[in-house]
Amino acid sequence: MTDDDLRAAALLHLRARTAAKGDPVPEPLVMAAMYHLPGDPRGVNGYGRSENPTWEGLEAALGHLEDAPCVAFPSGMGAISAALMATLRAGDRLILPSDGYYTVRNLVGQFLEGLGVTVETRPTVHFLDAGFEGAAVVYVETPSNPGLDLCDLGAIVRAAHAAGARVIVDNTTMTPFGQRPLDLGADLVVAADTKAPNGHSDVLMGHVASRDADLLARVKDWRKVSGAIPGPMEAWLALRGLETLELRFDRMCRSAQVIAERLADHPKVQAVRFPGLPEDPAHALARQQMTRFGFLIGLTLADEATAERFIDGCALLQPATSFGGVHSSAERRARWGDAVPAGFVRLSIGIEPVEALWQSLAAALDAA
Ligand SMILES: *Cc1c(COP(=O)(O)O)cnc(C)c1O
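Here we summarise the structure given alongside this text. (Residues numbered from 1 in each chain as written. Predicted model: local features only at pLDDT ≥ 70, side-chain atom pairs only at ≥ 80, totals over all residues. Heavy atoms only, no water.)

**A few points about the site of the ligand**
Part 1 of the argument: Around the ligand, the structure places 14 residues, and the nearest of them are G76, M77, D170, T194 and K195.
Part 2 of the argument: The separation between an oxygen atom of the ligand and a polar main-chain atom of G76 is 2.8 Å.
Part 3 of the argument: The fraction of the free accessible surface of the ligand (380 Å²) that becomes covered by protein chains is 93%.
Part 4 of the argument: In a pocket analysis with a 2 Å cut-off to the grid points, the ligand is assigned to the second largest pocket.
Part 5 of the argument: For the shell around the ligand, the element with the most residues is helix α3 (residues 76-87), which contributes three residues.
Part 6 of the argument: Tallied by class, residues from the shell around the ligand come to six nonpolar, five polar and three charged. (Near = heavy atom within 4 Å. Polar contact = N/O pair within 3.5 Å; in protein donor to acceptor, adjacent residues only side chain to side chain. Areas by Shrake-Rupley, 256 points an atom, 1.4 Å probe, with all protein chains shown as cover. 1 Å grid on protein atoms, 1.4 Å probe; cavity = no way out; pocket = protein on both sides within 12 Å on 5 of 7 lines; lining within 4 Å. Sits in = over half its atoms within 2 Å of the grid points. Helix = DSSP H or I, 4+ residues; strand = E, 2+ residues; numbered from the N terminus. Nonpolar A, V, L, I, M, F, W, Y, C, P; charged D, E, K, R; others polar.)

**Observations regarding the packing of helix α2 (residues 53-66) against helix α7 (residues 232-242)**
Part 1 of the argument: Where α2 contacts α7, the two axes come as close as 8 Å, and the packing angle between them is 30 degrees. By the angle class used here, α2 and α7 are roughly parallel. Where α2 crosses over α7, the two elements pack in a sense that is left-handed. Along its contact with α2, which presents T54, W55, G57, L58, A61, L62 and L65, the element α7 presents P232, A235, W236, A238, L239 and L242.
Part 2 of the argument: For the contact of α2 with α7, the per-class residue count stands at 11 nonpolar, two polar and no charged. (Axes fitted to C-alpha atoms, helices over the stretch in contact; angles between N-to-C directions. Parallel < 35°, antiparallel > 145°, perpendicular 65-115°, else oblique. Left-handed = near helix turned anticlockwise from the far one by under 90°. Contact = heavy atoms within 4.5 Å.)

**Some remarks on the side chain of E141**
Part 1 of the argument: By secondary structure assignment, the location of E141 is in strand β4 (residues 137-141).
Part 2 of the argument: For the buried E141, no salt bridge is present, and the opposite-charge side chain at shortest range is R105, 6.6 Å distant.
Part 3 of the argument: Only 2.7 Å separates the side chain of E141 from the backbone nitrogen of Y101, close enough to count as a polar contact.
Part 4 of the argument: E141 has contacts with P97, G100, Y101, T124 and D170, leaving out every residue within four places of it along the chain. (Buried < 20%, exposed > 50% of the residue type's maximum accessible area, 1.4 Å probe, protein only. Lys, Arg positive; Asp, Glu negative; His and termini not counted. Salt bridge = Lys/Arg side-chain N within 4 Å of Asp/Glu carboxyl O.)

**Digging into the nonpolar core**
Soluble, globular proteins show a tendency: their nonpolar side chains are buried together.
Part 1 of the argument: Among the nonpolar cores identified, the biggest contains 63 residues, and L58, L263, I297, F310, L347 and L361 are the most heavily contacted of them.
Part 2 of the argument: By residue number, the principal contributor to this core is helix α8 (residues 245-264), which donates eight residues.
Part 3 of the argument: Mapped onto the domain boundaries, this core takes at least three residues apiece from domain 1 (3-242) and domain 2 (245-367).
Part 4 of the argument: When sequence neighbours within four positions are dropped, the list of residues in contact with I297 reads L148, A256, I259, A260, L263, V272, R273, F274, V345, R346, L347 and I349.
Part 5 of the argument: By size, the runner-up hydrophobic cluster in this structure holds 27 residues, among which are A79, A82, L84 and V137. (Core = buried A, V, L, I, M, F, W, Y, C linked by side-chain atoms within 4.5 Å. Domains from an automatic or database assignment.)

**Description of the environment of T244**
Part 1 of the argument: By the secondary structure assignment, T244 is in the loop between α7 and α8.
Part 2 of the argument: Residues T244 and A196, spaced 48 residues apart in sequence, show a C-alpha to C-alpha distance of 9.8 Å.

**Side note on the sheet that holds strand β7 (residues 206-209)**
Part 1 of the argument: Ordered by their spatial adjacency, seven strands build an open sheet running β1-β7-β6-β5-β4-β2-β3, and the pairing between neighbours is mixed. Edge strands, defined here as strands with exactly one partner in the open sheet, are β1 (70-73) and β3 (118-122). Neighbour to neighbour, the strand axes of the sheet diverge by 20 degrees on average, direction disregarded.
Part 2 of the argument: Examined bridge by bridge, β4 and strand β5 (residues 166-170) share five bridges and lie parallel to one another. From the neighbouring strand, Y139 faces β5, where its bridge partner is I168.
Part 3 of the argument: Sitting on the sheet, α2 touches β1, β6 (188-192) and β7, and the angle it makes with β1 is about 130 degrees.
Part 4 of the argument: Contacting β1, β5, β6 and β7, helix α6 (residues 213-226) runs over the sheet at an angle of about 25 degrees to β1. (Pairing = 2+ DSSP bridges.)

**Some details on the sheet that holds strand β11 (residues 329-332)**
Part 1 of the argument: The five strands lie next to each other as β8-β9-β12-β11-β10, forming an open sheet whose pairing is mixed. Each of the sheet's edge strands pairs with one partner strand only, and the pair in question is β8 (271-273) and β10 (318-319).
Part 2 of the argument: Here five bridges tie strand β9 (residues 296-300) to strand β12 (residues 344-348), and the two strands are oriented antiparallel to one another. Looking across to β12, one finds that T300 is bridged to F344.
Part 3 of the argument: Against the sheet, α8 engages β8, β9 and β12, with an angle of about 10 degrees to β9.

See below:
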């Protein structure tokens, strides 16, 4: 039995710890802009932009999984914006992955550089090479997306802290059930709960987690003053999704291992990236810092037309951007301008029984 097993089990009984007799077993959905507030306003819910009991239910569940207090945001980018606004000021230097989630680079380029933040980008595989001297914030995403390169989180945290920089880790692709950056010393974790944590492709959500109380208070203040708050209904749905994360994520990661191994042997496939393959360049590091190998697979087919025929021809693949849903999905990342071959497909493995999924994938590959 692992710590993840204990966390997953206790998650389903969190509310019982504080429930009063007659309370609903599930988290109630509280839709409120105003609260009943006579007299001294301190210590109770005051206004819907500052407090909402349904967010707090979601944050309690996320906090249980992260083993750290969390602040929920209406999207992954909402969480990332808050983490950067809470840690950067004019004159600071920020180091970003050149091959990470591209909207983060857009956010910084379109808005933060104009406020006096300087930015340096580096590929994930060489993230540590030049050191972090002079940096205020080091922002890491491992595995990178969509290339699935890894970098050594523990070593990056040590080098960044020695240089006086804070470390933010985007843990979206792994979730707390696959990788635990705060345990490796990261200052902030950010994540898009839009992906596997919600898991049903119907809600956007995000969170920031930290064991640094002052830093997390700043993140929460940013939410309150910027007004970037989750809708209670979306928070309620995300919490419902989160309750089955471990079950879904476990199935998705196990299936991805089986499918990656078979894809690697398929004659139509030129290359496969999956950290769980022993021959993958990131495998040794993945074994060291991840507790599962994830559900994303990168595969390279001959060209654009072959890749599109494969995606469109597979009855059990949703052609869609984004990932982490219960349904398997795929897309050709070069269509967004990612620096990958035209025939590169990012495959997100869902919860379909694995033999049925493989049969469908193999038939589409054979016909592509
Ligand atoms: C999707 C994603 C985000 C952004 O999340 P949204 O909910 O779409 O704002 C950030 N980082 C990574 C790694 C993602 O995959």
